[in-house]
Amino acid sequence: MWRVALQKTAIMLAGVAVATLTVELGFRIILATPLRWVLPLPAVAVYGPDADTGFRHRANVSGLWLTEHRAFIRTSNLGLRDRDRDMAHGDTPRAIVIGDSFIEALQVEGPDTGVAVAESILAREIPGVEVVNLGLSGARPAIEVARLQSQGLALTPTVAVIVLRVDEFLAPGRSDDSEYTAYRRGDNGQFHLSYGFRESGGYRFRTSLWGGIFYWLLDHVQVFRLLNDRKNAGLLAEWSPEPPVRVQAGAWDCSSAVLDSQASLWIDGGPSEARALLRAFIRDLAAIGHANRLPIIIATTGIEARCPALEPKRAALVGAIRGSLEDAGLQFVDLDKRILTKVGADGVARLHGFGARLGLGHLNVEGNRIYGEVLAEIIGGTLRRH
Amino acid sequence: MSYDSLYFAFFLVVVWLAYESLACPGWVLLTASIAFYAPAGPRDSILAAIVILANYLLQVPVQRDRRWLYLVLVLNFGCLAYFKYRVFLATTAGLNLFTGDVVIPLGISFYVFQLSAFLIDISRGRAQPFLSLPRFALFKLFFGQLVAGPIMRWRKFGPQVNRMFDSKPPRRGHRLAGLGLGLCLLGLTKKIALADSLAPFVDTIFHDGPREAIAAWLGAWLFAFQIYFDFSGYSDIALGLGLIFGIVLSPNFYTPFCATDIQQLWQRWHMTLTAFLRDYLFLPLSNIRLPARRFRVAQHFAAMVVTMALCGLWHGAGWNFIVWGTLQGLAIVFATAWARNLPSPPVALSWAATFGFFLVTLVFFRAADLGSALGYIGTLFGLGGVGSAGVPGDGAGGLLIAVGCLALLALHWLEARLISRRAVRLLLRLDGLFLRAAFAATALWLLMLPKVQGNPFIYFRF
C-alpha cells in the first residue's frame, strides 16, 4: 500500500515538475523575444538589503518592470538605477541626483530616465560629464541623507541634487526605522539617523547565506520571481482588486490645505516633531556639504504651482523654504515652478502616467524628458560656476 | 468569484475534495454554487434567490396552463429591465427618474434567459418541472455556468442535475477530469496570457481615441481577439469545470473568426445565446401568421433584424449595442439574400468580408457610446483621428505588430486543431495522474501571476 502511495506521489510530483519546467521555459522564451512587450511575465525584483539605507538596488539585475508601464530595466554595476560606470571619474565633473521613484523612473527604459536625459544634454556642452542616478523608490528624507553619505560621496561628486518631496516631513511614521533608515530622537534630544532595521529578522535573513540563495534564485529563476511577486501581492490579492481609477487629465487640486500644512511647518514651526526632523535633515546635509566642499541643491516638489489664487501663499512658503535652506549653505530650486514654466499648467498632468491612465502616476517618457531638461539646467548652472 | 483567481483555485480544491469524499454530489455542488455566488453581495444574492424561487413555484402552473408563462416572463424580464435597463429606458423616454451608476446584478442576463427558456420549454411540453427545489436551484446555480453561461437547456442539463441527486453518485467525472483540467488550462491561458495582455493596448486606443487609421484598425483587431479570448476562455473553463464534476455543458465557441459568412460566424460565436435567440425569439417572430403569403420573406428578414437588435440590447443598455445588433441582423439578411440570388464569392473574399465586417461593427460594442463609435469608425476609414492614441512604439516596430496581429489569427486557427476529436481522444488515452498533475500545476502557475488591477471577464458585466 505504501509503495503504491509513494509511486502515485512520485508520478504527481513528476507532473508538477514538468509543468514547472514548461512554465519556466515559456517565461524565458517570452523574456528573450519581443513577446515580452505583451505577454505576462514575473516582474523583476531589483532591491536588496543595504546597511546604510535599509534597501537599495542590487548590481547587474535585469528584467521587465511591469507596474504602470512595461520597461526592460537593468541595474548598473554599482547597484544603481543607472548605466554602468567606474567609481573614479578623473577630472571630468560628476553630478549625482538623489530622489525617490520619480528620479528612479523604473517605468521607462534606462536612456529615457530624466537623469540620463540630463546627462546627454549636458554632455553636449561639457564632454565626459556624468550625471549619476541615485533615485530609489520610497526614499524619504532620512534615506536621501544616508544615501548621499554612503553611496553618493563614494562617487566623489562635483555637485549633488536632492529632489525632495516637501510633504515627506509631515507624513506619519517618519521615525520608524524598523525597515529603513529613519530620523529618531537620541538621548540628547536631537534627531539623528537611526538604523533599527539592522536588528530585524528580515534584514538578517536577507544578509545571510539563505538570503544570498534567495536573491540568486530571484535573479535566475523566473518561476521563483513569480512566487516572490505573489508573496508581495498577497495570496488572495484578487479578492479585493484596486478600484478602477478615473483619471481626469489636466485637473488638479487647488485647495489650500496642502500649502497650509506646509506653511505651518516651514513658517510657523509646527508640529514640533516634523520641525525637529526637518532641522536634522537640513543640519546633516549642510554638514556633509561643508565637510566635503560639495554644493548641494535641494529641488523641492509637492508644492502645487498651478493655482494662481494660491500664488501669494505659495510665494511666502517658497520664500521660507529658500531662506531655511540657504541659511544652512544649501541651494534651493523650486522644481514644480520650473516644470510649470516649461510645459504650462495644462501640460503638467500629461507628464504623468501611461496609456489609459495618462495624467496619474509616475513620469512617462515625456515627463522624464522634461525633468531631464530641468535637471540639466540646474546642474549645468552650478557646474559652470565651478 | 472569478475563475482566473488563486482564491477560486483554493475554492475548487475544497469543493472537489468534498465532491469526491461525500456521497451527495448534488448537495456539494449546490452548496458550493451558493458559496460561489455569495461574494456578489446580499442584493445580488437575494435577487437571484427570489427569481429562482418564483420560477420554481411557477413551473407546475405553467405546465398546467400556458397563461402562467406570461406572468413568469413578465417577472423575469421585468427584473432584467429594471436592474439593467431602467436608466436607459427612462432616459430614452425623456424621463429623469434614476440617477447614479447602474450596477447590474451579477449574471442576471444569463440566469433570466436560462430560467425563461426552461419555463417556455415546460409550456411547450419539452421539459419536465423539477419537483425538488435543490435540483431546480442547482439547474441554474451550478457555478460552472452561473455567471456568464453557457445558457443550458433542460434537455441537456436537466437529466445531469437529476443524476447528481440520485442515490448513486455519478462516476463520469473520474474519466473526464483530465479533459476538464485541460480545458480549464486552455481557458486560463486564453484569459490570462492573451485577453489580459491585449487589454491595455485596447483600453488605451479606445480611451484616448485613435490618432490615425492604422491605430484604429489595430485597436479594432486587438479588441476582436481580446473579447474572443476573454469569453471563449471563460467558456472553456466553464466546460472544464463541468467535466471535472462529471457534468457536460454546451460549448459556446467554435473558431468563429474562421467563418466564411456572417450566419456561420453567429453559429460559432456565443452558440448557446444564438440558439436561445433562434428558438425563443426568431422562430416565434418568423412564424407569426400573416394574412398575405407574399410578405413571408420580408417577415423572415424583419424577424432576423429584430432578433439581432434585441441581441445587441441584451449585451448592453445603450444605443451603440442596439446599432451593433441591428447591423448584425442586416448583414445576415444581406448574406441570406446574396446566397439566394447571387453566386458565392471566393472563400478568401467571403472570409475577409465576414471578419472585416465583424471587426468594424465590434467598435459599437467596445466604444463608450454611439458618438464615440461613429467617430472611431470614421478614423478607421480615413476621416481623420479622434484622439491621441497611436500605434504603440516602444519595443516593437510596425512589422512586429503586424506579425503579432497575424499570430493571433494563427492561434485562433490552431485552436480548432487543438480541440479536435482526435486531440480529445488522445487526451483521454493519456489521461492519468501525471497529466492531471501537470495540467493543474500549470494552471496554478498561471493563476500565480498577480492581477491586482483586475481585468474581470468582459461578459461578467452583462
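Up top you'll find the structure we're talking about.
Throughout what follows, the structure given in this document is the object of discussion. (Residues numbered from 1 in each chain as written. Chains lettered and ligands numbered in written order. Predicted model: local features only at pLDDT ≥ 70, side-chain atom pairs only at ≥ 80, totals over all residues. Heavy atoms only, no water.)

**Things to note about the overall build of chain A**
Thinking step 1. A tally of regular secondary structure across chain A gives twelve helices and eleven strands.
Thinking step 2. Relative to a compact globule of 386 residues, whose C-alpha radius of gyration would be 21 Å, chain A shows 23 Å and is just as compact.
Thinking step 3. With respect to the principal axes defined by its C-alpha atoms, chain A has extents near 80 × 50 × 45 Å.
Thinking step 4. A fraction of 67% describes how many contacts in chain A between residues 6 or more apart in sequence connect residues 24 or more apart.
Thinking step 5. Both charge centroids of chain A, one from 42 positive and one from 42 negative side chains, sit 4 Å from each other. (Helix = DSSP H or I, 4+ residues; strand = E, 2+ residues; numbered from the N terminus. Rg over C-alpha atoms; globule rule 2.2 N^0.38 Å. Contact = heavy atoms within 4.5 Å. Lys, Arg positive; Asp, Glu negative; His and termini not counted. Charge placed at Lys NZ, Arg CZ, Asp CG, Glu CD.)

**Focus: the pattern of salt bridges**
Thinking step 1. For the structure shown, the criterion picks out 36 salt bridges over all chains.
Thinking step 2. For E377 of chain A, the salt bridge identified is with R338 of chain A, shortest N-O distance 3.4 Å. Remark: R338 of chain A occurs in helix α11 (residues 335-343) and E377 of chain A occurs in helix α12 (residues 365-385); sequence separation between them is 39 residues.
Thinking step 3. Residue classification places E377 of chain A among the partly exposed residues on the basis of a relative accessible area of 37%.
Thinking step 4. Take R338 of chain A: its relative accessible area is 30%, and that puts it in the partly exposed class.
Thinking step 5. D44 of chain B is paired through a salt bridge with R43 of chain B; the nearest N and O atoms lie 3.0 Å apart. (Salt bridge = Lys/Arg side-chain N within 4 Å of Asp/Glu carboxyl O. Buried < 20%, exposed > 50% of the residue type's maximum accessible area, 1.4 Å probe, protein only.)

**A closer look at the sheet that holds strand β6 (residues 130-135) of chain A**
All names here are of chain A.
Thinking step 1. An order of β6-β5-β7-β10-β11 is seen for the five strands of this open sheet, with the pairing classed as parallel. Of all strands in the sheet, those bounded by a partner on one side alone are β6 and β11 (331-334). This sheet shows a mean twist of 20° between the axes of neighbouring strands, independent of strand direction.
Thinking step 2. Against the sheet, helix α10 (residues 311-327) touches β10 (296-301) and β11, its axis set at about 155° to β11.
Thinking step 3. Most of the contacts of α12 go to strand β7 (residues 159-165), to which it runs at about 145°, and overall it touches β5 (94-99), β6, β7, β10 and β11. (Pairing = 2+ DSSP bridges. Axes fitted to C-alpha atoms, helices over the stretch in contact; angles between N-to-C directions.)

**Looking at the nonpolar core**
Thinking step 1. Counting 163 residues, the largest nonpolar core has L29, F143 and W266 of chain B as the members making the most contacts within it.
Thinking step 2. Ranked by the residues each element gives to this core, the list is headed by helix α9 (residues 213-244) of chain B, at 19 residues.
Thinking step 3. Setting aside chain neighbours within four positions, we find W266 of chain B in contact with T274, M308, C311, W324, Q328, I332 and F358 of chain B.
Thinking step 4. Membership of the second largest hydrophobic core comes to 43 residues, among which are A146, L285, I296 and I321 of chain A. (Core = buried A, V, L, I, M, F, W, Y, C linked by side-chain atoms within 4.5 Å.)

**Thoughts on the pairing of β6 of chain A**
Residues and elements named next belong to chain A.
Thinking step 1. Within β6, six of the six residues are buried, which leaves the element mostly enclosed by the surrounding structure.
Thinking step 2. Residues E130, V132 and L134 of β6 are buried on one face, and the alternating residues V131, N133 and G135, pointing to the opposite face, are buried as well.
Thinking step 3. Taken together, the six bridges between β5 and β6 define a ladder with parallel strand orientation. Its bridge partner being in β6, I98 is matched across the sheet by L134.

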